[in-house]
Amino acid sequence: MKKLYSVLTDDLEHCYITGSNTVAIHHVFGGPDRKVSERYGFLVPLRPDWHNLSSYGVHQNRELDLRFKRLAQGYYEDHIGSREQFRKEFRKSYL
């Protein structure tokens, strides 16, 4: 099994929002960018309801989704590359 890590939190064992120890790992950039999220550590542990089991979860809540995308892009621009490079890799800017 592959070792996952996050640049957005030091603790993948507890929900980023609630602190619960029941978590699902959210890939900030999913779909075709899921592997890229894993490579850069753009992962967030979320309690299942905050992930995809409720109307307020990240998969249904655009504002929460954007919050994590902006955090990841900010990290990218501070530590990895420019905004232009981010756009080339992720096809758009969230900042």
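This text follows the structure it describes.
Notes on the structure in this doc start here. Note that the structure is predicted; figures quoted are calculated from it, not measured. (Residues numbered from 1 in each chain as written. Predicted model: local features only at pLDDT ≥ 70, side-chain atom pairs only at ≥ 80, totals over all residues. Heavy atoms only, no water.)

1. Regarding the overall build of the chain
Scanning the chain from terminus to terminus reveals 4 helices and 2 strands. Taken from the N to the C terminus, the helices and strands of the chain come in the order β-α-β-α-α-α. In terms of overall dimensions, the chain is globule-like: its C-alpha atoms have a radius of gyration of 13 Å, near the 12 Å expected for 95 residues. In terms of overall dimensions, the chain has C-alpha extents of about 35 × 30 × 20 Å along its principal axes. Residues classed as buried in the chain amount to 41% of the 95 residues present. Element-wise, carbon and sulfur atoms account for 49% of the exposed surface of the chain, whose accessible area totals about 5700 Å². One finds the centroid of the 15 positive side-chain charges in the chain at a distance of 5 Å from the centroid of its 12 negative side-chain charges. (Helix = DSSP H or I, 4+ residues; strand = E, 2+ residues; numbered from the N terminus. Rg over C-alpha atoms; globule rule 2.2 N^0.38 Å. Buried < 20%, exposed > 50% of the residue type's maximum accessible area, 1.4 Å probe, protein only. Areas by Shrake-Rupley, 256 points an atom, 1.4 Å probe, with all protein chains shown as cover. Lys, Arg positive; Asp, Glu negative; His and termini not counted. Charge placed at Lys NZ, Arg CZ, Asp CG, Glu CD.)

2. Thoughts on the nonpolar core
Most often, soluble globular proteins keep nonpolar side chains buried together rather than apart. Core analysis: the biggest nonpolar cluster contains 18 residues, and Val28, Phe29, Phe42, Phe68 and Phe90 have the highest contact counts within it. Only helix H1 (34-40), strand E2 (43-46), helix H3 (62-79) and helix H4 (83-90) provide two or more residues apiece to this core. It is H3 that contributes the most residues to this core, 5 residues altogether. What Val28 contacts, discounting residues up to four positions off in sequence, is Leu8, Ser37, Phe42, Leu43, Val44, Asp65, Phe68, Lys69 and Ala72. (Core = buried A, V, L, I, M, F, W, Y, C linked by side-chain atoms within 4.5 Å. Contact = heavy atoms within 4.5 Å.)

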